[in-house]
Amino acid sequence: MARTALLRRISFYADLDETDQQVIMQIEGREQHFEKNKEIVDAGQEMDSVLIVKEGWAIRYKTLEDGRRQVLNVLLPGDMFDLQVLVAAEADHSVSTVTDLTALSVRPSDFQRLLTESGKLTLAFWWMQVQEEAFLREQIIRNGKQTARERIGHFLLELYRRVLITGAGSGDGFRVPLTQTVIADALGLTPIHTNRVLRQLERDGLLERKNGWILFKDEARLAEISQFDPSYFHLDAFRMRLGRI
């Protein structure tokens, strides 16, 4: 259920009691299903609901007039879009699925009511937004200052930890449904250069691509090369639920 995915996500930011958990599990909403590579939100579109991802992956992005695309971030189970509906009528970016996706559509008034039910829930949602902003800051640093090799390593390690929070992934890797074009658009690279760097990382014994999975062969070394420090996840301030996050 989308509510379960959301509860798992926000439980990393607050110790929720049974009452708080019930509030989350009783969120009123309509389940919606979207096919792979389908536009969910168009920039400029009037928004009328908050969507909570239950299953699947999506991307936020903006497109320039000449068709070039910048992927802003990746949406995973438990993520929400778009809280912007609480303060603005129109979306300022687009959202598209990269896999089949199921989401819970919640009316803004119902979501606002949720935020008044519990101080712990309000704090948890606030910390989720703090983390979202931290991800965007890292995206700026990645694309503005890092080499292609550093960008790709950093991006994959970030996604890996986010996937672990959802309860998916394994001890040495995770399934990545993103195409090389999507990764390139997220990191300001070309698909050809992205493929070239990924192959070099494999030759260097840092990772392996197998059946849609990224398997880390030397995660510590890759983190060192990519200057990846997961402190920006802001999980140290809370009791961590997963030992490898």
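Look a little higher up for the structure.
Small disclaimer: the values here were computed from a predicted structure and weren't measured.

Engineer: Explain the packing of aromatic side chains to me, using residue names and the numbers behind them.
Structural biologist: Within the structure shown, the criterion is met by nine aromatic pairs. When the centroid spacing of 6.2 Å and the interplanar angle of 25° are considered together, the rings of Phe174 and Phe216 count as stacked. Note that Phe174 is positioned in strand β9 (residues 173–175) and Phe216 in strand β11 (residues 213–216), a separation of 42 residues in sequence. The same class applies to Phe174 and to Phe216, which are both buried. Look at Tyr232 and Phe233: their rings are 5.1 Å apart centre to centre, the planes differ by 50°, and that puts the pair in the tilted class. A relative accessible area of 7% means that Tyr232 is categorised as buried. Above the ring of Tyr61, the side-chain terminus of Arg69 is found at 5.6 Å from the ring centroid.

Engineer: Provide a residue-level description of the environment of Ile165, including the pertinent values.
Structural biologist: Tracing the sequence through the fold places Ile165 in helix α5 (residues 148–166). A relative accessible area of 4% means that Ile165 is categorised as buried. Through-space distance from the C-alpha of Ile165 to that of Ala5 is 9.7 Å; in sequence the pair is 160 residues apart.

The rules behind these values
Residues numbered from 1 in each chain as written. Predicted model: local features only at pLDDT ≥ 70, side-chain atom pairs only at ≥ 80, totals over all residues. Heavy atoms only, no water. Phe/Tyr/Trp six-rings, centres within 6.5 Å; stacked < 30°, edge-to-face > 60°. Helix = DSSP H or I, 4+ residues; strand = E, 2+ residues; numbered from the N terminus. Buried < 20%, exposed > 50% of the residue type's maximum accessible area, 1.4 Å probe, protein only. Lys NZ or Arg CZ within 6 Å of the ring centre and 35° of its normal.

All quantities given are derived from atomic positions and should not be read as evidence of function.
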